[in-house]
Protein chains: 2
Amino acid sequence: MKKHTVVFLPSGKSGEINDGASLLDAAGLLGVTLDSICGGNGICGKCKVLVKEGMSGLGGLTDAESEFIKPSDGPTRLACQCRIHGNAILYAPTVERFARKGALGIPVSLDPAVKKYFVRVDPPSMQDMGKGDRERLMEALHAQHGLSGLSLDYFALMGLQDALRKGRWDATVSVWRGKEIVRLEPGLSEAAFGLAVDIGTTTVAGYLCDLTSGKIINTVSAMNPQSVHGEDVMSRISYSMANPDGLKEMQGEIINCVNGIIGETGLSAADIVDMTVVCNTVMHHIFLGVNPAGIGVAPFVPAVTRPLDVKARELGININQSSYVHFLPAVAGFVGPDSAAVLIAEEPYRQDEKVLIIDIGTNGEILLGDNNGVICAACATGPAFEGAQIKSGMRAAEGAIEKVRIDAGTKEPSLGIIGNVKAKGICGSGIIDAVAELFRAGIIDKSGRLEPPRTKNISDTERLRRDAGGRPEYVLAWPEETQTGAAITITQADVRAVQLAKGALYAGAKLLMRRMGIEKVDKVILAGAFGSYINKESALTIGMFPECALENIRAAGNAAGEGAVLALLNMGKREEAQEEVMKLNHLEIATDPDFQEEFLAAMDIPHR
Amino acid sequence: MKKHTVVFLPSGKSGEINDGASLLDAAGLLGVTLDSICGGNGICGKCKVLVKEGMSGLGGLTDAESEFIKPSDGPTRLACQCRIHGNAILYAPTVERFARKGALGIPVSLDPAVKKYFVRVDPPSMQDMGKGDRERLMEALHAQHGLSGLSLDYFALMGLQDALRKGRWDATVSVWRGKEIVRLEPGLSEAAFGLAVDIGTTTVAGYLCDLTSGKIINTVSAMNPQSVHGEDVMSRISYSMANPDGLKEMQGEIINCVNGIIGETGLSAADIVDMTVVCNTVMHHIFLGVNPAGIGVAPFVPAVTRPLDVKARELGININQSSYVHFLPAVAGFVGPDSAAVLIAEEPYRQDEKVLIIDIGTNGEILLGDNNGVICAACATGPAFEGAQIKSGMRAAEGAIEKVRIDAGTKEPSLGIIGNVKAKGICGSGIIDAVAELFRAGIIDKSGRLEPPRTKNISDTERLRRDAGGRPEYVLAWPEETQTGAAITITQADVRAVQLAKGALYAGAKLLMRRMGIEKVDKVILAGAFGSYINKESALTIGMFPECALENIRAAGNAAGEGAVLALLNMGKREEAQEEVMKLNHLEIATDPDFQEEFLAAMDIPHR
């Protein structure tokens, strides 16, 4: 057999290739990956290569090539169509299938659970009467893509005949995890989308991703409609216990909400072929219609912690009806799939440095570790950081005081207000700032007491005053400076609430450090939207978490949402979540004999 | 370690067993199978053994034993509870797990797809907070029954918490094919039932089986409600094509019908944990809601031939909602899962003799072969054998003439009538008898002509006459002998219809024999209820099938239904069906160049 030397640039991979082989086969033999969705059928036009030398040995353009190659493309061929009859040097751009960067800046490759395959099925004939459409499809998938042992979802089976006939026996098949056909489309269809959903107790965020490029193309968020039944997870559990249909009702609410988000993406439901969900364990159970009551009482038992794949149609989720919704694994009753998502987004298990990750919400979840192991715990911070249980507290919306500075000399504050309007209240980041600045200005002491008796000059400012009940408070904004016409103050009770919340976080982190036998962490990651807004110095000043050099404290944004996106774009990240959650050491700190001691010490500012 | 000699009768298996081991462990070590559903937990009382010698070395009865052993049992112990401290001779009745006998009289063991396991789950504690109920259940199933890698159906997951708590962490788990948990019940629950369904174009039969004993405990049949849309499969296809919702309508009808059968079994839906379905390929597609149109036109393509498992709830079938409905494989468009069922019931592939199996219905399906290979074909017999297209034809119901004898001398008939009432019409077996007897009496000739010109004496009988249109007919019953007051006659057209039907069957069988290179078959099996009623001699006389010694012709009853039952009781029979169908050589006889010739020759009585 005559052979020719073929070189692929830029990799420089080269070898002797049999006369008559296609460039696509040559690339495969030499380990060069070319883009091709149609399996070498000359249908998709994706496998273009530039001919640097040797065009004369490659024959003329085939009909299929003429369809895809324009004069402006230069000396270009379709690798699957073009056959080798002489030496050639080709330029094949490296196929970049990197979806996103991981925590360490290492790219995460695009490897979604649902992949598309174009296939040409043999039309039926009197010669193969024992074969149904399904059997001929399976044979074609095996012959053209090496796929075998596939199952065919029942709903996809019902649409099989139409798809094959509409596409004149050409079809595009969407395969889930290399196991099951979840969609059949006539002809060639490249588009495939997925939705990553982060269900918070308060807000729900959907990230619509293009599964062919790995890009997030739309982000839609909505309020969790279950909020009418209570602000936190415990009140949702109570609602499900107190009302016979409470669970079904709340499940319906969240499913409607997610379907609303899907509607807002503007895509047809069938084009969304995969979905991942992260949330806390209570939201997880309610979404699944599984009783969350066990999570509410000791020993806080979830029904299930392992990852789940549930058919979208069984949940009533309006994506492609044969597709699955993937739920990331939970760690325990109060450390949910959202923590698993933070884990795979921040990858502490790949790092040499000791990383402390704090996800602050109604509950604070803490992860601590490095490549030698990771431990985790949930801290009952209470809702102070969300503005609840704070006299003038509000969510981070227009009119919220989000930044506070207090002049140590004059004790006068300067405020940053969302939307640059008159103040209406104070949100979480503002509260942390306020307490830190009150401490720095000497208005509260180490123990958190406003109006400390031994520092006479404090009373120099009118801002430190007593309310109608005689309780001390600090005035951040006078009535004429506010939208409501009432002063916005920080009360002694507010300071106490912040101390309790930050004390729980700090004590939890210290306890994990003690269990891990370390004195100091190398990095602190603040996960969650809230973490992006707080002032790191203020957080350190009040002692929200153990000391760490300022430059090593990083806000990671919605790391749980990022984890959901990664799990959507890369199947391996789902296995990783499962494996790392299994390895994770979960500490139940509320019952830990050392916790009380740590907690008491952590109540001081910054801490004892 | 001290050891004791333990002997199990009647097998005589014996060995040295460590002191303190249980009798159940000893049995396991010595290869003696004892019945036990609870996994040795002393819950089910199934592992009773009789102590022939050595009771004194077995300690006193435990509490668990006292619950199950009555004084009338004699010297009996529960093997799982009783510990060995001395030599002993025990009698353990052989566990007979044979469900039914196969075609060759070899027992088919009871090995259903859904099996039950009793399990004791560790209650949750603060020490294993990372484990949900699901994870603890899986660990217990692994530890107590060696089951691993199980999935848990979503609906079963929703009921998991309740089942575990109601049973105080004892539960019975129903596992499908060793893969998936499809039912969870609190405590110990032994009962398990399955339904085998044979869906005919005209009638539907359900066989309710006890999956713990292998016995058929109830048989329920019903008319196929689709009959209003036409008598045969082609008219059903036409109805689905002519009416936009025709397919959905007919699917709903058959599902309601099967649900009606389930209702009549008197069992609660959840107790039926498995179901098998056999039917022709058109009924199969309609049941699945899959368009049957392709089967109606060349090349007669089904959507799917491979076996399918579809969740009962997705079909709307009212058995245990997490269970599957198993559809046996189809062979081709006109050789359906019912033929696959006949195949595994009659097992020609295990026989040395050449077996010809004829399943007579609106279509006749023929299987021919032995342990060297089996071939099959469908013959368009038309509905003559069902009494359709016959002037006085009717179903085999009260008033139907089912047996006919004609005195060769007097030409007078004697009739057997169902229910011993006045005649109303004639059914299939009666028609075959009538034509055979008319031939034997010389009233019709080899070519099927009534009133043959050359046999003068025929006109001696008044029974051979001409109808109003001058066409010859033979009077079986005079007006005064019938319920309708009109004579029941066999017309020339009737004889022609029988010739066409039997000719198709005979020619099909001969063609298969020719393809297999054989001159003679060793056995003829008549499958289907119809086969049980026809007179074998009459069938041979008219030439319904190739010659065979009378004693080697056997009516097998509803072999398709039997195959459905076998597939329900023994999982291996499902694999066998799939494997044997794959090996089966399907002949499309209508397009075979030799068929016309065979068919013409086969029209003669008995044949040319």
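Description of the structure in this document. None of these values were measured; they are calculated from a predicted model. (Residues numbered from 1 in each chain as written. Chains lettered and ligands numbered in written order. Predicted model: local features only at pLDDT ≥ 70, side-chain atom pairs only at ≥ 80, totals over all residues. Heavy atoms only, no water.)

1. A few points about the sheet that holds strand β4 (residues 76-78) of chain A
All names here are of chain A. Which entries qualify depends on this criterion: By the convention used here, strands pair only if DSSP detects at least 2 bridges between them. In DSSP terms, a helix is any run of H or I states spanning at least four residues, a strand is any run of E spanning at least two, and both are numbered starting from the N terminus. Angles here are taken between N-to-C directions and fall from 0 to 180 degrees, while the axes themselves are lines fitted to C-alpha atoms, restricted in helices to the stretch in contact.
If you trace the five strands from one edge of the open sheet to the other, you get β2-β1-β5-β3-β4, paired in mixed fashion. Edge positions in the sheet fall to β2 (13-18) and β4, since each of these pairs with one other strand and no more. Taking the axes of each pair of neighbouring strands and ignoring which way they run, one obtains an average angle of 35° across the sheet.

2. A closer look at the pattern of salt bridges
Proximity of charged atoms lets side chains of opposite charge pair with each other. The condition is simple: What counts as a salt bridge is simple: a side-chain nitrogen of Lys or Arg found within 4 Å of a carboxyl oxygen of Asp or Glu. Type-normalised accessible area, obtained with a 1.4 Å probe on protein chains alone, sets the label of each residue: buried when under 20%, exposed when over 50%, and partly exposed for intermediate values.
The tally for this structure, following the rule as stated, stands at 84 salt bridges over all chains. When the shortest N-O distance is used, the salt bridge between D133 of chain B and R165 of chain B registers 2.8 Å. Residue D133 of chain B is located in helix α3 (residues 133-145), and its partner R165 of chain B is located in helix α4 (residues 154-166); the two are separated by 32 residues in the primary sequence. For R165 of chain B, a relative accessible area of 35% gives the class partly exposed. Salt bridges sharing common partners tie together R514, R515, D592, D594, E597 and E598 of chain A.

3. Quick notes on the interface of chain B and chain A
This is how the line gets drawn: Here a residue-residue contact requires only that any non-hydrogen atoms of the pair lie within 4.5 Å. Note on definitions: buried area is the accessible-area loss of two parts on being combined, 1.4 Å probe, summed for both. Ten residue types, Ala, Val, Leu, Ile, Met, Phe, Trp, Tyr, Cys and Pro, are classed as nonpolar, four, Asp, Glu, Lys and Arg, as charged, and the remainder, Gly among them, as polar.
Listed by partner, the interface residues are 44 residues for chain B and 44 residues for chain A. Approximately 3400 Å² of surface area, both sides summed, lies buried where chain B meets chain A, with 60% of it carried by carbon and sulfur atoms. Between E314 of chain A and R313 of chain B there is a salt bridge whose closest N-O contact spans 2.5 Å. At the level of secondary structure, the elements contributing two or more residues to the side of chain B that touches chain A comprise α3, α4, α7 (281-288), β16 (308-311) and α9 (312-315) of chain B. Counting residues per element, the side of chain B that touches chain A draws most heavily on α4 of chain B, which supplies seven residues. When its residues are assigned to classes, the side of chain B that touches chain A shows 22 nonpolar, 12 polar and 10 charged.

4. Examining the environment of P348 of chain B
Residues and elements named next belong to chain B. Relative to the assigned elements, P348 resides in the loop between α10 (337-346) and β18 (355-360). When its relative accessible area of 1% is taken as the criterion, P348 is described as buried. Measuring from C-alpha to C-alpha, the distance between P348 and V498 comes to 28 Å, with 150 residues separating the pair along the chain. Every residue in contact with P348, bar those within four places of it in the chain, is listed here: L343, V355, I357, G369, D370, N371 and V374.

5. Observations regarding the packing of helix α10 (residues 337-346) of chain A against helix α16 (residues 571-583) of chain A
Residue and element names in this part refer to chain A. For clarity, the cut-off: Working rule for angles: under 35 degrees goes down as roughly parallel, over 145 as roughly antiparallel, 65 to 115 as roughly perpendicular, anything else as oblique. Here a crossing is taken to be left-handed if its near helix is turned anticlockwise relative to the far helix by less than a right angle, and right-handed if that turn runs clockwise.
Packing of α10 against α16 brings their axes to within 9 Å, and their N-to-C directions diverge by 110°. The angle between α10 and α16 places the two elements in the roughly perpendicular class. Crossing angle aside, the handedness with which α10 passes α16 is right-handed. Across from A340, L343 and I344 in α10, the residues of α16 making contact are K573, E576, A577, E580 and V581. The residue makeup of the contact of α10 with α16, split by class, is five nonpolar, no polar and three charged.

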